[in-house]
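# Residue-level structure breakdown
Chain by chain, the residues:
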Amino acid sequence: MKKALMISGISAMAVALAACGNDDNNGEANAGGDNNGNNGNNGSNEASGDDGETYTLSIGHTLAEASHYQEGLEEFKEIVEERSDGRLQIDIFADGALGGEREMIESLQMGDQEMVLTSTGPMSGFAEEVTVVDLPFLFENHDHAHTVLDGDIGQGLLDELEPHDLHGLAWWENGFRHVTNNNHPVEGPEDIDGLSLRTMENDIHMAAFEEMGGDPTPMSFTELFTSLQQGVVDGQENPIPVIHSSRFYEVQDHLSLTNHVYNPSIMMISQEVYDELPEDLQEILREEAQAGAENEREIVQRMEEEFIGDLEDEGMEVVQDVDLDPFIDAVQPVYEEYEDTFGADLIEEIQNYDY
Ligand code: EAX
């Protein structure tokens, strides 16, 4: 299995030779230990202190350089490289340069890519348990979502990733998703009827639009702008910062603030890569991923407030005061369909969470 983690510096050879030497004595690869079976890293393979290595971690995402993901990641990169004294190098790849989200997650599992910042959209193909968050209208607002995801429920969902060779570092944010299309304004679920809409590769989202008579087409984000431009689909749904930073106003006439689902993102690292890092660098990644999440959520909020007016200035007709109750009623069958998958108790616990 190709190792993704790039270790640079001549010390890599020295560490490898030292590990081989210690292998001869106590059968455990380690760094900095003695030959009496006491290794320098609490019995695990990670060195606990500075092993003199530089680790280069590539992180991919599908959004534009002008997006909330990119802005949040640039600040994450700066603080991680500073806190680690350069022992961690973060290389950011935007615009789907490393592939669509599903492809990048697969690359992490194979150890061919170190990190990804991805929507939960394609996660049903990897860890279905996590996609409980994709139920339409599950979260009432951002505070509700943040409180659940930053608590025991959110950590429990991240823990579900580990058996799939993925390590969830923190819950970042994409935002509340809204419908755009080129046919007509959407003011009620009846206006979804007959629309062909691109969705993420997410069964729950597809089921929700089918309940309203829509014709969902699952598609990687990397194909979306061209598909809209060519009329392959009538519309799509995404948060305001995505619609703006990916310039969908150039290929979509109507935007309706349907708020139909809160869409979190996950900052993930390949479990194989994570396990190879010294514990002090693992701690920096964990702490700064969470701090970066809280920073990126503020970026999303700023963009959501700022960009609706911009989208109108760019020519989009925006339906702002959408009555959500008919939409909520229309998608109730999706909850019945997925109750067995996630458990009624977990769904109710999230819905009734005190925030
Ligand atoms: O995660 O695929 C999508 O619509 C997502 O919003 C995008 O990839 C960012």
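Right, let's walk through the structure included here. Given the structure is predicted, the values throughout are model-derived calculations rather than measurements. (Residues numbered from 1 in each chain as written. Predicted model: local features only at pLDDT ≥ 70, side-chain atom pairs only at ≥ 80, totals over all residues. Heavy atoms only, no water.)

## What about the packing of aromatic side chains?
Per the stated rule, a full pass over the model turns up six aromatic pairs. Judged by centre distance (6.0 Å) and plane angle (20°), the rings of Tyr338 and Phe342 are stacked. Taken together, the residues Tyr338 and Phe342, both in helix α12 (residues 332–342) and four residues apart, mark about one turn of the helix. Through successive ring pairs, a cluster of aromatic residues spans Phe139, Phe176 and Tyr262. (Phe/Tyr/Trp six-rings, centres within 6.5 Å; stacked < 30°, edge-to-face > 60°. Helix = DSSP H or I, 4+ residues; strand = E, 2+ residues; numbered from the N terminus.)

## Details of the site of the ligand
Every residue close to the ligand is listed here: Thr62, Leu63, Tyr69, Glu101, Ser119, Asn174, Arg177, Arg198, Met200, Phe221 and Asn238. Contact distances for the ligand include 2.5 Å between an oxygen atom and a side-chain N or O atom of Glu101. For the ligand, an oxygen atom lies 2.9 Å from a polar atom in the side chain of Arg177. When isolated, the ligand has an accessible area of 270 Å², and the protein chains bury 99% of it. Judged by the proximity of its atoms to the pocket grid, the ligand belongs to the largest cavity. A domain split of the shell around the ligand shows at least three residues from each of domain 1 (12–175 + 263–306) and domain 2 (178–261 + 307–351). (Near = heavy atom within 4 Å. Polar contact = N/O pair within 3.5 Å; in protein donor to acceptor, adjacent residues only side chain to side chain. Areas by Shrake-Rupley, 256 points an atom, 1.4 Å probe, with all protein chains shown as cover. 1 Å grid on protein atoms, 1.4 Å probe; cavity = no way out; pocket = protein on both sides within 12 Å on 5 of 7 lines; lining within 4 Å. Sits in = over half its atoms within 2 Å of the grid points. Domains from an automatic or database assignment.)

## Some words on the pattern of salt bridges
For the structure shown, the criterion picks out 10 salt bridges. For Glu287, the salt bridge identified is with Arg83, shortest N-O distance 2.7 Å. With Glu287 in helix α10 (residues 279–313) and Arg83 in helix α2 (residues 68–83), this residue pair connects regions lying 204 residues apart in the sequence. Residue class for Glu287 comes out partly exposed when judged on its relative accessible area of 36%. What makes Arg83 partly exposed here is its relative accessible area of 34%. The partner of Arg87 in a salt bridge is Asp280, and the shortest N-O contact between them spans 2.7 Å. (Salt bridge = Lys/Arg side-chain N within 4 Å of Asp/Glu carboxyl O. Buried < 20%, exposed > 50% of the residue type's maximum accessible area, 1.4 Å probe, protein only.)

## Here's the deal with α12
Listed in full, the buried residues belonging to α12 are Val334, Tyr335, Tyr338 and Phe342. Along the long axis of α12, the arc covered by the buried residues comes to 90°, so they all point the same way. Summarising the geometry of α12, the exposed residues directed more than 90 degrees from the buried face are Glu336 and Asp340. Buried positions along α12 lie against α6 (203–211) and α13 (344–351). (Arc of directions from axis to C-beta. Contact = heavy atoms within 4.5 Å.)

## A word on empty space enclosed by the protein
Over the atoms rolls a probe the size of a water molecule, and in doing so it shows where empty space is left. Tallied over the full model, the rule gives two cavities of 30 Å³ or more. Within this model, the largest cavity holds a volume of roughly 170 Å³. Forming the walls of the largest cavity are 19 residues, and the residues nearest its centre are Thr62, Glu101, Arg198, Met200 and Phe221. If you list the elements that add at least two residues to the lining of the largest cavity, you get α3 (101–110) and β5 (166–181). Two domains each provide a minimum of three residues to the lining of the largest cavity, namely domain 1 (12–175 + 263–306) and domain 2 (178–261 + 307–351). Counted as a void, the second largest cavity has a volume near 50 Å³. Asp134, Pro136, His205, Ala208, Phe209, Met212, Glu237, His260 and Val261 are the residues that line the second largest cavity. Contributing elements (two or more residues each) for the lining of the second largest cavity: α6 and β9 (254–270). Ranked by residues supplied to the lining of the second largest cavity, first place goes to α6 with three residues. (Points joined across faces, edges and corners; volume = space filled by probe spheres on them.)

## Things to note about the pairing of β5
Summarising burial for β5: 16 of the 16 residues are buried, a large majority. Inspection of the sheet shows β5 paired to β9 by 13 bridges, in the antiparallel sense. Within β9, the residue paired with Val179 across the bridge is Ser256. Both β5 and strand β8 (residues 235–238) contribute to a ladder of four bridges, which runs antiparallel. Of the residues in β8, the one forming a bridge with Asn181 is Gly235. (Pairing = 2+ DSSP bridges.)

None of this, on its own, says anything about what the molecule does.
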